[in-house]
Amino acid sequence: MIEDRELDGWREQWSGVAEPPAEFQCKVKERIKREERRFVLGNLLTVIAFLGMLTFAAFVRHRSTWMGTGWSTGICVLVFVAAGCRVWVLRRLWRPQTQSTRAFVELWHKRVTARIRLLRISVYLSLGWIIFCAVLTAANWATIGQDVRAHPNQWVALLVVCTLMQYPVLWYGAVWLRRRKLAELNEVKKILDEMDEKNVT
Amino acid sequence: MSEHRQALETQFAHILSEYGAAIARLAFSYEAVASVREELVQEIALAIWQALAHFRGDCSERTFVYRIAHNRGLSHVWRRRPPHQPLEEIEESDQPVDPRPQPEEQAARTDQRVRLMSAIQSLPLTHRQMIVLMLEGLSHAEIAEVTGITENNVAVRLTRARKALKDALGARP
């Protein structure tokens, strides 16, 4: 057997690098419990939000206010289309990270690309939602118009709030998220290049 | 508690006691700051727990642990940019304590270790991974399983990674 003193020396130094703290296992168990609670709570909140939206849609459907049938239909369509888009875009990407590094980084690349695509679809969907609401409002102007004339201040306030919500959420949120995802994409591409040894110095 | 869950917990406890030190060392190569490193070690352990239920034994337990640990390390590097903090900047309390008595020898060992770690941290991610797996004593076949490249490729890359490590050590005072 060939002796490799340099490697043996490195291994000796390496083996003394770090030991996990004594209470490591206890801390990990606590962390697992916390994560499991968070997971259950997260799922529960998602289901509650989903059901809440549908209940709200059903509620407004049976009230003869200006929101009426169109609004409830819109909410239902938005909820299902948003959920459907998310499931479709992220399909086949939930594999656990137990695979090789190469496969993991390739999957990571696919995930980031999918999220960027999802972000683009979300922006289009939001714009579509605004147009849908505008068309619906125009179609029901006979009913809504009376309400607007009766309560003009409330409608102006509603319009301002909607605009303020749309602008930061749609514009700044999307721009910030896109920039972040593009940076992540560049990083993943860099790692993939390193793996292909394209740019290793 | 179900039998399945109990079996998983036993296996997990075994993995932590068997590979806890290796995970801590590996985390050292991805993170220099002690408090963040401890967090990373916990994250790796958590990822192993989450993946354990899907572990069907299609690779060795060792390969399974190193795969998850490295993949977590990679994600950590991305989330925590800028990635490299030279170990010279780490406070004294971050250094592992060597219980042996001779202070000069101990100081020299610590110094060598710090140089080695700093050099490893300065390597590109793929070289770093190769070096860490080699130092952990994995065979070429095991490294190939962890990284997802062929054994021949592992040999070539290990040679390059070793050269890069030597250069990095040479560049350090």
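In this text the structure is predicted, and so the values were computed from the model without any measurement. (Residues numbered from 1 in each chain as written. Chains lettered and ligands numbered in written order. Predicted model: local features only at pLDDT ≥ 70, side-chain atom pairs only at ≥ 80, totals over all residues. Heavy atoms only, no water.)

Undergrad: Looking at this structure, I do not really get the side chain of Glu194 of chain A. What am I missing?
TA: With respect to the helices and strands, the residue Glu194 of chain A is situated in helix α6 (residues 152-195). Despite its burial, Glu194 of chain A remains without a salt bridge, the nearest opposite charge being carried by Lys190 of chain A at 5.6 Å. Polar side-chain contacts of Glu194 of chain A include one of 3.2 Å to the backbone nitrogen of Thr126 of chain B. (Helix = DSSP H or I, 4+ residues; strand = E, 2+ residues; numbered from the N terminus. Buried < 20%, exposed > 50% of the residue type's maximum accessible area, 1.4 Å probe, protein only. Lys, Arg positive; Asp, Glu negative; His and termini not counted. Salt bridge = Lys/Arg side-chain N within 4 Å of Asp/Glu carboxyl O. Polar contact = N/O pair within 3.5 Å; in protein donor to acceptor, adjacent residues only side chain to side chain.)

Undergrad: Help me understand the domain arrangement of chain B in this model?
TA: When the parts of a complex come together, some accessible area is lost, and that lost area is often used as the size of the interface. All names here are of chain B. One can read the domain layout of chain B as domain 1 (1-86) and domain 2 (106-173). Contacts between domain 1 and domain 2 engage 20 residues on the former and 17 residues on the latter. Between Glu136 and Arg25 there is a salt bridge whose closest N-O contact spans 2.7 Å. Counting residues per element, the ones that place at least two in the side of domain 1 that touches domain 2 are α1 (3-30) and α3 (61-79). At seven residues, the largest contribution of residues to the side of domain 1 that touches domain 2 is made by α3. Of the residues contributing to the side of domain 1 that touches domain 2, the split by class is 10 nonpolar, six polar and four charged. (Domains from an automatic or database assignment. Contact = heavy atoms within 4.5 Å. Nonpolar A, V, L, I, M, F, W, Y, C, P; charged D, E, K, R; others polar.)

Undergrad: Is there a simple way to think about the interface of chain B and chain A in this case?
TA: Each side of the interface is counted separately: chain B has 60 residues, and chain A has 43 residues. Both faces considered, chain B and chain A share a buried interface measuring about 4,700 Å² in area, 61% of it formed by carbon and sulfur atoms. Remark: the boundary between chain B and chain A carries five salt bridges. Here Arg5 of chain B and Glu36 of chain A are joined by a salt bridge, their closest N and O atoms 3.1 Å apart. For the interface between chain B and chain A, the tally reads 13 residue pairs in polar contact (both at pLDDT 80 or more). Counting residues per element, the ones that place at least two in the side of chain B that touches chain A are α1, α2 (34-52), α3, α4 (103-122), α5 (125-135), α6 (140-147) and α7 (151-170) of chain B. No other element matches the 12 residues that α1 of chain B contributes to the side of chain B that touches chain A. By residue class, the composition of the side of chain B that touches chain A is 29 nonpolar, 15 polar and 16 charged. (Buried area = accessible area lost by both parts, 1.4 Å probe.)

Undergrad: Would you explain a positive patch on the surface in this entry?
TA: All names here are of chain A. On the surface, Lys29, Lys33, Arg34 and Arg37 cluster together into a positively charged patch. Mapped onto the elements of the fold, Lys33 is located in helix α2 (residues 24-61). Here Lys33 falls in the exposed class, since its relative accessible area comes to 55%. (Patch = residues over 30% accessible without salt bridge, like charges linked within 9 Å, V, L, I, M, F, W, Y side chains within 5 Å. Areas by Shrake-Rupley, 256 points an atom, 1.4 Å probe, with all protein chains shown as cover. Charge placed at Lys NZ, Arg CZ, Asp CG, Glu CD.)

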